[in-house]
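Close look at the chain arrangement
This is what each chain is made of:
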Amino acid sequence: MLPKLIKYLLKEAPQSQDTEVHGWVRTKRDTKNLIFIEVYDGSCFDGIQCTFDRSAGLNGKTEALLDSLTTGASVKIKGKLISSPACGQAVEVAASELFVFGEAPAETIGDIQGYPLQKKRHSLEFLREIAHLRPRTNTFGAVARLRSRLAFAVHRYFIERDFHYLHTPIITSGDCEGAGAMFSVSTPDPKEFFGKKTFLTVSGQLEAETYAAAISRVYTFGPTFRAENSNTARHLAEFWMVEPEAAFAGLEENMELAEDFLKYMFNSVLEECPDELAFFDEYVEKGIIENLKNVAAAKFSHITYTDAVKELEKAHSANKGLFEFEPRWGCDLQSEHEKFLTEKTAGGPVIVTDYPKEIKAFYMKLNDDGKTVRAMDVLVPRLGEIIGGSQREDDLNKLMARMAEMNIEPQDYWWYLDLRRYGSVPHSGFGLGFERLIQYVCGMANIRDVIPFPRAAGQAEF
Ligand code: ATP
Ligand code: MN
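In short, a report on the structure. (Residues numbered from 1 in each chain as written. Chains lettered and ligands numbered in written order. Predicted model: local features only at pLDDT ≥ 70, side-chain atom pairs only at ≥ 80, totals over all residues. Heavy atoms only, no water.)

1. Things to note about the site of ligand 1
Close contacts around ligand 1 come from 15 residues, with Glu 228, His 235, Glu 385, Ile 386 and Arg 436 the closest. Contact between ligand 1 and Ile 386: an oxygen atom at 2.8 Å from a main-chain N or O atom of the residue. For ligand 1, whose free accessible area comes to 580 Å², the fraction covered by protein is 82%. For the shell around ligand 1, the secondary-structure elements that each account for two or more residues are strand S10 (238-247), strand S14 (384-391) and strand S15 (427-433). With four residues, S14 is the single largest residue contributor to the shell around ligand 1. Tallied by class, the residues present in the shell around ligand 1 amount to six nonpolar, four polar and five charged. (Near = heavy atom within 4 Å. Polar contact = N/O pair within 3.5 Å; in protein donor to acceptor, adjacent residues only side chain to side chain. Areas by Shrake-Rupley, 256 points an atom, 1.4 Å probe, with all protein chains shown as cover. Helix = DSSP H or I, 4+ residues; strand = E, 2+ residues; numbered from the N terminus. Nonpolar A, V, L, I, M, F, W, Y, C, P; charged D, E, K, R; others polar.)

Structure below.
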C-alpha cells in the first residue's frame, strides 16, 4: 500500500495513533533534548513536524542518523500523531524511529556538489539551471500541482460538453500552415522512410477538422512545436496546446466557447487550488485571486481588428512615445499593442476579430468585404494573446483561391480539400497555449517556469 500523504496526515485527528511519515527533510532544529524535523512530500505546501525527544530514549541507530541528517535527505519517520503544542500547526509527530532512504550532503565533497536547495529563496534563473531539483521548491511544487489540476479541468470541460478527445499526430508532412517555423524530422534516410519530408507538428487543427466533420465536436490536447528563435517570456519551442474544433459553428459560437472555457478554467483553479493561488497571490503576483474572480464574472470585450487599430492610432497620435512600433492597418499587432488594448482600451480580456487576410493563415474564412477573415484572438492583460482561432473556410473555391494567392500547392492538402468537397459544413475552432493559461492564472512571468522541462532556443538540458 502507498504511504499516506502529508496533506492527509495534517488533517487527521490526533489520538496518539501510530503514524509513518514519508518525505524529504526541509529543516532540522536541535535543542538540548528535542530535535525538530520538518518533513514535506510535495502533496501540499506544509510539511509535518516530527519531534524526537532524546530524554525519552531513542535507539542508537536513530540517534546516529539524526546527527548526520541534513536538508533534502529522504526519510521515513515512525511515531505517534499528537496535537501540537506549537502554534501554526494542529498536529505533529512524536517521533521515535528514523529511517534514511537517501542522504543529501550539504557540503561539496570532491566532484559531488552539496545539495543546492538550502532553506533560502533561490532566484528563478538559478532554479532553471537545476530543473531536475526545482520541483522540490514551494513555487515549482505549486506550479506542478496547479498544472495537473488544470489539465484535468481541460478534459472535464470538453468531455462533459460532448467534445471527443482526439489524438492527432506529432509527425506531420504539411509545412505551410503559417503557424511558425517547423522542426524537421530526420531519419537515417528521409526519402525512404515516409516518402516525403516530415516535421514536428505546429498544430493539430487540420486533422481535428477531419474529425469534427465526422463526429461533430473534438478537441486535442498535446505537445506542439515551433522552431521560433524568439527569446521571449511567452514562447517555447515545445508547448502544449488545447484545440477544440466544432462543426456547425461560426465565429460567434467560437467566441462564446472560448470565453466560457477560459472562465471555467479560472473557476476550476479558484475552487481546486486555493492554497496554491494564495501562495502565488502572496509571493508572485499580488491580487491575482481577486483578478481571476473578476475576470471569471465579467463579460469579455469584443473589438474588430479595424477598430482596434483605430484605437491604437488615436493613442499613438496623442502620445508619439507610447509605442515603439507604429500601429498600422495590415500589420500584426505587437505585444505592446496587445498590452494597450487589454489594459487601457478594454481593462480586461478582449477578443479581437476580423483580421486582414494577409496576416492570417490560409484556412480562415473570408468575410464578405474580401479583405478580412473570420479570425479571433483572445488577449489578456500581462500576456497578450492566449488563444488564437477562427471560423474555417468551408467553401472549396474560396479556399483554393486563397491557397493559390499564398502559393500553397493544393495537392499537398488534397485530403483537407476533400472536407470541402463532401458534406462541407461551417466549422470553427481555436488553439489555447496551455502554458500561457498557466502563466495567466498563477502570475509566473516567464513561460519557462510553468512547464517542467522547457525547450527553447539553446535550452534542451534535462
Ligand atoms: P504569438 O503571436 O503569441 O507568437 P501565434 O499567433 O503564433 O502566437 P497561434 O498559432 O495562434 O500562435 O497558436 C495558438 C496559441 O498557442 C496562441 O494563442 C498561444 O497561446 C500559443 N502559442 C503559440 N506559440 C507559442 C509558443 N511558441 N510557445 C507557447 N505558446 C504558444
Ligand atoms: Mn495566433
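On we go.
2. Notes on the pattern of salt bridges
Applying the stated rule across the entire model yields 28 salt bridges. Notably, a salt bridge pairs Lys 299 with Glu 259, separated by 3.1 Å at the nearest N-O pair. Taken together, the residues span a long stretch of sequence, with Lys 299 in the loop between helix H9 (288-297) and strand S11 (301-304) and Glu 259 in helix H7 (residues 251-272) at a distance of 40 residues. Given the relative accessible area of 62%, Lys 299 is considered exposed. The class for Glu 259 is buried, based on a relative accessible area of 6%. The residue Arg 421 makes a salt bridge to Asp 418 at a minimum N-O spacing of 3.0 Å. In this pair, Arg 421 and Asp 418 are both assigned in helix H13 (residues 414-421), three residues apart and thus about one turn of the helix distant. (Salt bridge = Lys/Arg side-chain N within 4 Å of Asp/Glu carboxyl O. Buried < 20%, exposed > 50% of the residue type's maximum accessible area, 1.4 Å probe, protein only.)

3. Side note on the sheet that holds S14
If you trace the eight strands from one edge of the open sheet to the other, you get S6-S9-S10-S15-S14-S13-S12-S11, paired in mixed fashion. The sheet is open, and its two edges are formed by strand S6 (164-165) and S11, each paired on a single side. Sheet topology note: the S11/strand S12 (residues 350-356) ladder contains four bridges and is parallel. Residue Thr 304 lies in a different strand from S12, and its bridge partner there is Thr 353. Most of the contacts of helix H10 (residues 305-318) go to S11, to which it runs at about 90 degrees, and overall it touches S11 and S12. (Pairing = 2+ DSSP bridges. Contact = heavy atoms within 4.5 Å. Axes fitted to C-alpha atoms, helices over the stretch in contact; angles between N-to-C directions.)

4. Focus on the side chain of Gln 391
Along the chain, the position of Gln 391 falls in strand S14. Among the polar contacts made by the side chain of Gln 391, one reaches the main-chain amide nitrogen of Leu 251 at a distance of 3.1 Å. Setting aside residues up to four positions removed in sequence, Gln 391 forms contacts with Ala 249, Gly 250, Leu 251, Asn 254, Tyr 363, Met 364, Lys 365, Arg 374, Pro 426, His 427 and Ser 428.

5. Observations regarding the packing of H9 against helix H14 (residues 434-442)
The description of two packed helices rests on the angle between their axes and on the distance between the axes. Packing of H9 against H14 brings their axes to within 8 Å, and their N-to-C directions diverge by 115 degrees. Taken together, the residues of H14 that come into contact with H9 (itself represented by Ile 288, Asn 291, Leu 292 and Val 295) are Tyr 440, Val 441 and Cys 442. Tallied by class, residues from the contact of H9 with H14 come to six nonpolar, one polar and no charged.

6. Here we look at the packing of aromatic side chains
Evaluated as defined, the whole model comprises 25 aromatic pairs. For the ring pair Phe 221 and Trp 240, a centre distance of 5.8 Å and an interplane angle of 85 degrees mean the geometry is edge-to-face. With Phe 221 in strand S9 (residues 217-225) and Trp 240 in strand S10, this pair connects stretches of sequence that are 19 residues apart. The exposure class assigned to Trp 240 is partly exposed, which follows from its relative accessible area of 31%. Above the ring of Tyr 355, the side-chain terminus of Lys 360 is found at 4.2 Å from the ring centroid. (Phe/Tyr/Trp six-rings, centres within 6.5 Å; stacked < 30°, edge-to-face > 60°. Lys NZ or Arg CZ within 6 Å of the ring centre and 35° of its normal.)

7. Quick word on the nonpolar core
With 57 residues, the main nonpolar core has Met 265, Phe 266 and Leu 437 as its most contacted residues. Residue contributions to this core peak at 11 residues, all from H7. Discounting chain neighbours no more than four positions away, the residues touching Met 265 are Leu 150, Ala 153, Val 154, Tyr 157 and Leu 437. Among the nonpolar cores identified, the runner-up in size contains 28 residues, and Phe 323, Met 364, Val 373 and Leu 419 belong to it. (Core = buried A, V, L, I, M, F, W, Y, C linked by side-chain atoms within 4.5 Å.)

8. What about the environment of Leu 69?
Position of Leu 69 among the secondary structure elements: in the loop between helix H2 (60-68) and strand S4 (74-83). The residues touching Leu 69, leaving out its near neighbours within four places in the chain, are Val 25, Lys 28, Ile 37, Val 75, Leu 98 and Val 100.

9. A few points about the sheet that holds S4
Around the barrel, five strands lie side by side as S1-S2-S3-S5-S4; this closed barrel has mixed pairing. Across the sheet, the mean angle separating the axes of adjacent strands is 55 degrees when strand polarity is ignored. In the sheet, strand S1 (residues 17-30) pairs with S4 via eight bridges, with the strands oriented antiparallel. Following the sheet pairing, Asp 18 is matched in S4 by Lys 80.

10. Topic: helix H12 (residues 396-405)
Looking at H12, one finds that the buried residues are Leu 399, Arg 402 and Met 403. In an axial view of H12, the angular spread of the buried residues amounts to 100 degrees, which keeps them on one side of the axis. Looking at H12, the residues exposed on the side facing more than 90 degrees away from the buried face are Asn 397 and Ala 404. Looking at where H12 begins, the residue whose side-chain oxygen comes 2.9 Å from the main-chain nitrogen of Asn 397 is Asp 395. (Arc of directions from axis to C-beta.)

11. Brief notes about the side chain of Ser 268
Within the fold, Ser 268 resides in helix H7. One polar contact links Ser 268 to Arg 156, side chain to side chain, over a distance of 3.4 Å. Reaching out from Ser 268, the side chain makes a polar contact with the backbone oxygen of Tyr 264 at a distance of 2.8 Å.

12. Here's the deal with the environment of Phe 453
Checked against the element boundaries, Phe 453 lands in the segment after H14. Considering only alpha carbons, one finds Phe 453 and Ala 131, 322 residues apart in sequence, at a separation of 6.8 Å. In contact with Phe 453, not counting residues within four places along its chain, are Ala 131 and Phe 462.

13. A closer look at the packing of H10 against helix H11 (residues 335-346)
Interhelical geometry of H10 versus H11 gives an angle of 90 degrees and a closest axis separation of 11 Å. By the angle class used here, H10 and H11 are roughly perpendicular. Here Ala 308, Glu 311, Leu 312 and Ala 315 of H10 come into contact with H11, specifically with His 337, Phe 340, Leu 341 and Thr 345. Split into classes, the residues belonging to the contact of H10 with H11 amount to five nonpolar, two polar and one charged. (Parallel < 35°, antiparallel > 145°, perpendicular 65-115°, else oblique.)

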